[in-house]
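Below, each chain spelled out in residue letters.
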Amino acid sequence: MIAFSSAVEVLRMANHISGKPLYSWSVISADGQSVACSNGLAPARIGTYEDAGPFDMVFVCGGTNVTRFVDDKVIALLRRIAHDKVILGGLCTGTYALVKAGLLNGYRATIHWENLSALREAHDKIRFVEELFVIDRDRITCTGGIAPIDMMLAVVRERFGKTLVAEISEQFILERVRDSKDRQHIPLAARAGCNRRALVEVAALMEANIEEPLSLEDLSQLAGLSQRHLQRLFREALQVTPSHYYLELRLRRARELLLQTQMSITNITIACGFQSACHFSKCYRALFGKPPSSERRPQGTAAVEPQQRNTPAAHDLAA
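Residues numbered from 1 in each chain as written. Predicted model: local features only at pLDDT ≥ 70, side-chain atom pairs only at ≥ 80, totals over all residues. Heavy atoms only, no water.

**Re the overall build of the protein chain**
Line of reasoning, step 1. The helix and strand inventory of the protein chain stands at 14 helices and seven strands.
Line of reasoning, step 2. Looking at the protein chain residue by residue over its 319 residues, the buried ones come to 46%.
Line of reasoning, step 3. If you take every contact in the protein chain between residues at least 6 apart in sequence, the share linking residues at least 24 apart comes to 65%.
Line of reasoning, step 4. Total accessible area on the protein chain stands at roughly 16200 Å², and carbon and sulfur atoms take up 50% of it. (Helix = DSSP H or I, 4+ residues; strand = E, 2+ residues; numbered from the N terminus. Buried < 20%, exposed > 50% of the residue type's maximum accessible area, 1.4 Å probe, protein only. Contact = heavy atoms within 4.5 Å. Areas by Shrake-Rupley, 256 points an atom, 1.4 Å probe, with all protein chains shown as cover.)

**Looking at the pattern of salt bridges**
Line of reasoning, step 1. Inspection of the entire model under this criterion finds eight salt bridges.
Line of reasoning, step 2. Of the charged contacts, one joins Glu248 and Arg252 as a salt bridge, the two residues approaching to 3.3 Å between their closest N and O atoms. Of this pair, Glu248 and Arg252 are both found in helix α12 (residues 242-260), four residues apart, which corresponds to roughly one turn of the helix.
Line of reasoning, step 3. Arg255 is paired through a salt bridge with Glu295; the nearest N and O atoms lie 2.8 Å apart. Here Arg255 is found in helix α12, whereas its partner Glu295 is found in the loop between α14 (277-288) and β7 (316-318), with 40 residues between them in sequence. In terms of burial, Arg255 and Glu295 fall into one category: buried.
Line of reasoning, step 4. Sharing partners across several salt bridges, the network here consists of Arg255, Lys290 and Glu295. (Salt bridge = Lys/Arg side-chain N within 4 Å of Asp/Glu carboxyl O.)

**A look at the side chain of Thr141**
Line of reasoning, step 1. Tracing the sequence through the fold places Thr141 in strand β6 (residues 139-142).
Line of reasoning, step 2. Given a relative accessible area of 1%, Thr141 falls into the buried group.
Line of reasoning, step 3. If we skip the residues at most four places from it in the chain, Thr141 touches Gly90, Thr95, Leu98, Leu104, Arg108, Ala109, Thr110, Phe133 and Val134.

**Re the packing of helix α6 (residues 147-160) against helix α7 (residues 162-171)**
Packed helices, taken two at a time, are described by the angle their axes make and the gap between the axes.
Line of reasoning, step 1. For the pair α6 and α7, interaxial distance at closest approach is 7 Å and the crossing angle is 145°. Across the interface between the two elements, Leu153, Val156, Arg157 and Phe160 from α6 touch Lys162, Leu164, Val165 and Ile168 from α7.
Line of reasoning, step 2. Residue classes in the contact of α6 with α7 are distributed as six nonpolar, no polar and two charged. (Axes fitted to C-alpha atoms, helices over the stretch in contact; angles between N-to-C directions. Nonpolar A, V, L, I, M, F, W, Y, C, P; charged D, E, K, R; others polar.)

**With respect to the side chain of Glu295**
Line of reasoning, step 1. With relative accessibility at 2%, the residue Glu295 sits in the buried group.
Line of reasoning, step 2. With near-sequence residues (within four places) excluded, Glu295 lies in contact with Arg255, Leu258, Leu259, Tyr284 and Lys290.

**Observations regarding the packing of aromatic side chains**
Centre-to-centre distance and the angle between the planes together describe a pair of aromatic rings.
Line of reasoning, step 1. Per the counting criterion, the structure on display carries six aromatic pairs.
Line of reasoning, step 2. With a centroid separation of 5.1 Å and 45° between ring planes, the pair formed by Phe274 and Phe280 is classed as tilted. There is no split in this pair, since Phe274 and Phe280 are both buried.
Line of reasoning, step 3. With centroids separated by 5.7 Å and ring planes inclined at 70°, the aromatic side chains of Phe280 and Tyr284 adopt a geometry described as edge-to-face. (Phe/Tyr/Trp six-rings, centres within 6.5 Å; stacked < 30°, edge-to-face > 60°.)

**Here's the deal with the nonpolar core**
Line of reasoning, step 1. Formed by 30 residues in total, the largest nonpolar core has its most connected members in Ile140, Met151 and Ile168.
Line of reasoning, step 2. Of all the elements in the fold, those that place two or more residues in this core are α1 (2-18), β1 (57-62), β2 (87-92), β5 (133-136), β6, α6 and α7.
Line of reasoning, step 3. Looking at this core, the element that brings in the most residues is α6, giving eight residues.
Line of reasoning, step 4. Ignoring sequence-local partners within four residues, the contact set of Ile168 consists of Val10, Met13, Ala14, Ile17, Leu153 and Val156. (Core = buried A, V, L, I, M, F, W, Y, C linked by side-chain atoms within 4.5 Å.)

**With respect to the pairing of β2**
Line of reasoning, step 1. With respect to burial, β2 is a largely interior element, six of its six residues being buried.
Line of reasoning, step 2. Bridging between β1 and β2 involves six bridges; their strand directions are parallel. From the neighbouring strand, Cys61 faces β2, where its bridge partner is Leu91.
Line of reasoning, step 3. You can see the chain leave β1, run along helix α3 (residues 72-83) and come back into β2, and the turn it takes is right-handed.
Line of reasoning, step 4. The sheet contact formed by β2 and β6 spans four bridges and is parallel. Bridge assignment links Gly90 to a residue of β6, and that residue is Thr141. (Pairing = 2+ DSSP bridges. Right-handed = clockwise from strand over helix to strand, strands pointing away.)

**Structural notes on unusual backbone geometry**
Line of reasoning, step 1. One non-glycine residue, Ile173, lies in positive phi territory at about 55°.
Line of reasoning, step 2. Along the chain, Ile173 turns up in the loop between α7 and α8 (188-192).

**Structural notes on α3**
Line of reasoning, step 1. Along its 12 residues, α3 runs 16 Å from first to last C-alpha, staying within 8% of the 16 Å computed at 1.5 Å per residue.
Line of reasoning, step 2. Along α3, the residues that are buried comprise Ile75, Leu77, Leu78, Ile81 and Ala82. For α3, the arc enclosing every buried residue in end-on projection is 165°, short of the 170-degree limit, so these residues lie on one face. Turned more than 90 degrees off the buried face of α3, the exposed positions are Asp72, Lys73 and His83.
Line of reasoning, step 3. Where α3 begins, the side chain of Asp71 points an oxygen toward the backbone nitrogen of Lys73, at a separation of 3.2 Å.
Line of reasoning, step 4. Lys85 sits one or two residues past α3 and shows a positive phi near 65°. (Expected span 1.5 Å × (residues − 1). Arc of directions from axis to C-beta. Polar contact = N/O pair within 3.5 Å; in protein donor to acceptor, adjacent residues only side chain to side chain.)

**Let's talk about the environment of Arg79**
Line of reasoning, step 1. Tracing the backbone through its elements, the reader meets Arg79 in helix α3.
Line of reasoning, step 2. With relative accessibility at 45%, the residue Arg79 sits in the partly exposed group.
Line of reasoning, step 3. Remark: the alpha-carbon pair of Arg79 and Ala101, spanning 22 residues in sequence, is separated by 6.6 Å.
Line of reasoning, step 4. For Arg79, the residues in contact, after removing those within four places along its chain, are Lys100, Ala101 and Leu103.

Geometric values such as these leave the question of function open.
Shown next as structure tokens:
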């Protein structure tokens, strides 16, 4: 319900603020029968694809135990919609339905972190990423919770501009609009596996020592591990070196400070353990594709990447 409501409410607010019917939406199911959310609530009106269309976009909304509900009827419907050249999307675990229908092969995509690792292992034709949402050509996928707000704001911005997005975010009391460079927070225990307690402890040491980063030797001694064993743990569990993980951790903390505080870039450089603003800027650009100074933009102007095009706005569907 939270993912479904977050997506629809952005469209409702766009209509309300503009005073125009910029968007309309319907709720459908494979057979037109009522479908309840996990909290027991159900939309008042549910139809079929044939009766409710045509649509510019169709979003599959999924919740817990999504695998139980993606049956042959759902897969056939999604393939028919794709054949009709409708933009397809997934909210939270709704992405799973697109995966099972074979409609994400060759695309970048995302899904709630609880499902991410398993799908990565089983579907190598899809490039799963840890971003909050991904708009790749005619596919739009999003993580769970309130992330669909950010995704829909990106869709609205592409069509109607940053001013409307800023006004919507003000109505929703959003401190900032997150963009596709933001990643969903995945607990390290989930990424590394519950059997790698030492790795989680080392990561906690890193998070507690951002301003004055610890050396690999210090981390190894505090964790009671050899440096070689620590290197192997990170490679096996996270496919990165400890140094790379630590650097990215500090850069993402820097981005939070840039976007959420009025600290100067010089002070953020120091707070995140960088010796010079030049080095900080170089590392930041390498990870995020832009300099730190570019993050100091007005609220409500979340960027949409160049490849994120072809997102018409007249009629959206949450299914």
